[in-house]
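Chain by chain, the residues run as shown.
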Amino acid sequence: MPTFFLRPATRLWPPVLLGSQFVFNIGFYAVVPFLAIFLRDDMLLSGGLIGLVLGLRTFSQQGMFIVGGALSDRYGAKIIILCGCIIRVAGYLLLAFGQSLWPVILGACLTGVGGALFSPSIEALLAKAGGQSEAKGKRSRAEWFALFAVSGELGAVLGPVAGSLLTGFGFRQVALAGAGIFVVALAVLYFFLPAAPKRHQKLHILPWWTTFRQPRFVAFIIAYSSWLLSYNQLYLALPVELQRSGGSEKDLGPLFMLASVLIIAFQLPLARFARRVGALRILPVGFLLLSAAFASVSLFAATEPAAGALRLLPSVCLVTLLTLGQMLLVPSAKDLIPAFAEESTLGAHYGALSTAGGIAVLAGNVFFGRLLDQALIPSPQAIYPWLLLALFPLMSAIALPVICRTVALSRP
């Protein structure tokens, strides 16, 4: 057998990065959407503890993004990506074999930390490879990133399907399958990613907390953080609604497929539309869609579920409106960040944005986890958690145009 097949690559090949995003999303979406059901049905945890576990998982990923990027700059993307895969495998194994709360919490956090290591590192490699491709007159960096997003969404389509097929065997098998996917990814990336050149620079993490000296930016990230809190309800609140309507974990697969198909079909057209309309007008529309997603479920929460497939109508409304809101919000909001920052502090500002979102999810999930226990069965009280969830993005829709007006008008 030729030995060169066993040698690590010496140059970067962008399709490897697209394939890695595809596989990583299969491994993520085959496990994490089913975690809340496992915690409630198998471990018999309360809604508050379920919210805590899911919130810690999100916070450990969002809050560590800036650290993962800095480690990649210092030690090279390849070694940090491989470390991220190993940590996520360890997290999945703890979820599979943990028999008590603390191993499960640690496993959930490790899955987040793993993503915080490999995600920014892969994006940094793609930016480098895309720039080289563009300089040679080939595919532009923007086109590579568009393909990267589509590859991720294709993985997000297949992941929940794989997970839902395995749920009949138990969550342990689901988590082990997810770990196996990342073990395979680890082996493939070891050989197909080139090693980084040796560096001797010091590790430098930009102090994202200095962005708190800008009151308008602080107001912006607080208002914007209700987006991540809202979108994470696909993992916390959606399983609750499925239980109320008589559904099961097998229904999660098609619902997550719906979200991914919407993104694949409409993300680029909606992003271009949002760019033409302008962030000042599109941000409140996006947050109003998030608010409407929860309000739509509240219309059904007190009533007995409909017969047949119609019982999934509230869940379909929730997923569709959340996804449409996300597609309008995220490109517009991230396009506004450079208006708050100089080029040398962009990383700190984006890091602060992610960290604020992670804090919002952690605090919000603990709070809403307990309230959502009221929505497990049809009753008048089941309406209130959904209405309260709708209130936060509604307040953001009102606040952000005021916060961003000066910034938007001052942009070149």
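Residues numbered from 1 in each chain as written. Predicted model: local features only at pLDDT ≥ 70, side-chain atom pairs only at ≥ 80, totals over all residues. Heavy atoms only, no water.

### What to know about the overall build of the protein
Scanning the protein from terminus to terminus reveals 15 helices and zero strands. A burial count over the protein gives 51% of its 412 residues as buried. Intrachain contacts of the protein at a sequence separation of at least 6 include 84% that bridge at least 24 residues. Of the roughly 18400 Å² of accessible surface on the protein, a fraction of 69% belongs to carbon and sulfur atoms. (Helix = DSSP H or I, 4+ residues; strand = E, 2+ residues; numbered from the N terminus. Buried < 20%, exposed > 50% of the residue type's maximum accessible area, 1.4 Å probe, protein only. Contact = heavy atoms within 4.5 Å. Areas by Shrake-Rupley, 256 points an atom, 1.4 Å probe, with all protein chains shown as cover.)

### Digging into the packing of aromatic side chains
Aromatic ring pairs are defined here through the distance separating the ring centres and the angle between the ring planes. For the structure shown, the criterion picks out 20 aromatic pairs. Seen from their ring centres, Phe 28 and Tyr 29 are 4.9 Å apart, and the 80 degrees between their planes marks the pair as edge-to-face. Accessibility expressed as a relative area gives 9% for Phe 28, which makes it buried. Aromatic ring contacts, followed pair by pair, group Phe 217, Phe 220, Tyr 224, Trp 227, Tyr 231, Phe 287 and Phe 340 into a single cluster. Over the ring of Tyr 190 we find Lys 78; its NZ or CZ atom is 4.8 Å from the centre of that ring. (Phe/Tyr/Trp six-rings, centres within 6.5 Å; stacked < 30°, edge-to-face > 60°. Lys NZ or Arg CZ within 6 Å of the ring centre and 35° of its normal.)

### Observations concerning the pattern of salt bridges
In this structure the tally under the stated criterion is three salt bridges. We note a salt bridge from Glu 241 to Arg 244, for which the minimum N-O separation is 2.9 Å. Remark: Arg 244 and Glu 241 occur in helix 10 (residues 233–244); sequence separation between them is three residues, near one turn of the helix. As far as the burial class goes, Glu 241 and Arg 244 line up, both buried. (Salt bridge = Lys/Arg side-chain N within 4 Å of Asp/Glu carboxyl O.)

### A closer look at the packing of helix 11 (residues 252–277) against helix 12 (residues 279–298)
Packing of helix 11 against helix 12 leaves a shortest axis separation of 7 Å and a crossing angle of 130 degrees. Here helix 11 is positioned oblique relative to helix 12, judged by the angle of their axes. Judged by residue contacts, Phe 273, Ala 274 and Val 277 of helix 11 engage Ala 279, Arg 281 and Ile 282 from helix 12. In terms of residue class, the contact of helix 11 with helix 12 is made up of five nonpolar, no polar and one charged. (Axes fitted to C-alpha atoms, helices over the stretch in contact; angles between N-to-C directions. Parallel < 35°, antiparallel > 145°, perpendicular 65-115°, else oblique. Nonpolar A, V, L, I, M, F, W, Y, C, P; charged D, E, K, R; others polar.)

### Examining unusual backbone geometry
At Leu 44, a position not held by glycine, the phi torsion is positive, near 60 degrees. Counting through the fold element by element, Leu 44 comes out in the loop between helix 2 (35–42) and helix 3 (47–62). The class of Leu 44 is exposed, set by a relative accessible area of 68%.

### Section: the environment of Leu 324
Mapping Leu 324 onto the fold places it in helix 13 (residues 313–340). Taking the C-alpha atoms as reference, Leu 324 lies 8.8 Å from Ala 259; in sequence the two are 65 residues apart. For Leu 324, the residues in contact, after removing those within four places along its chain, are Leu 270 and Leu 289.

### Details of helix 8 (residues 171–192)
The end-to-end C-alpha distance of helix 8 is 32 Å, a good match for the 32 Å that 22 residues give at a rise of 1.5 Å each. Residues of helix 8 that are buried: Phe 171, Val 174, Ala 175, Gly 178, Ala 179, Phe 182, Ala 185 and Leu 189. For helix 8, the arc enclosing every buried residue in end-on projection is 135 degrees, short of the 170-degree limit, so these residues lie on one face. (Expected span 1.5 Å × (residues − 1). Arc of directions from axis to C-beta.)

### Considerations on the nonpolar core
The biggest cluster of nonpolar side chains holds 110 residues, and the ones touching the most others in it are Leu 39, Phe 171, Phe 220, Trp 227, Leu 372 and Trp 386. Top contributing element to this core by residue count: helix 13, with eleven residues. Setting aside its immediate chain neighbours within four residues, Phe 171 contacts Val 31, Phe 34, Leu 35, Phe 38, Asp 42 and Leu 95. (Core = buried A, V, L, I, M, F, W, Y, C linked by side-chain atoms within 4.5 Å.)

### Thoughts on the side chain of Asn 25
Position of Asn 25 relative to the elements: it lies in helix 1 (residues 14–29). Here Gly 152 takes part through its backbone oxygen, which lies 2.7 Å from a polar atom of the side chain of Asn 25. Ignoring anything within four residues of it in the chain, the contact list for Asn 25 reads Gly 152, Glu 153, Gly 155 and Ala 156. (Polar contact = N/O pair within 3.5 Å; in protein donor to acceptor, adjacent residues only side chain to side chain.)

### Considering a nonpolar patch on the surface
On the surface, a nonpolar cluster with roughly 510 Å² of combined accessible area is contributed by Leu 288, Leu 391, Phe 392, Leu 394, Met 395 and Ile 398. Take Phe 392: it is sitting in helix 15 (residues 383–410). (Patch = residues over 30% accessible without salt bridge, like charges linked within 9 Å, V, L, I, M, F, W, Y side chains within 5 Å.)

### A word on the environment of Leu 310
With respect to the helices, strands and loops of the structure, Leu 310 is situated in the loop between helix 12 and helix 13. On a C-alpha basis, the gap between Leu 310 and Ser 245 in space is 9.5 Å, while along the polypeptide they are 65 residues apart.

### Overview of the confidence of the model for the protein
For the protein, the mean per-residue pLDDT works out to 85, and 89% of the residues sit at or above 70. This stretch, residues 1–5, has a pLDDT under 50; its non-local contacts, to residues over four places away or in other chains, come to two contacts. (pLDDT = per-residue confidence, 0-100.)

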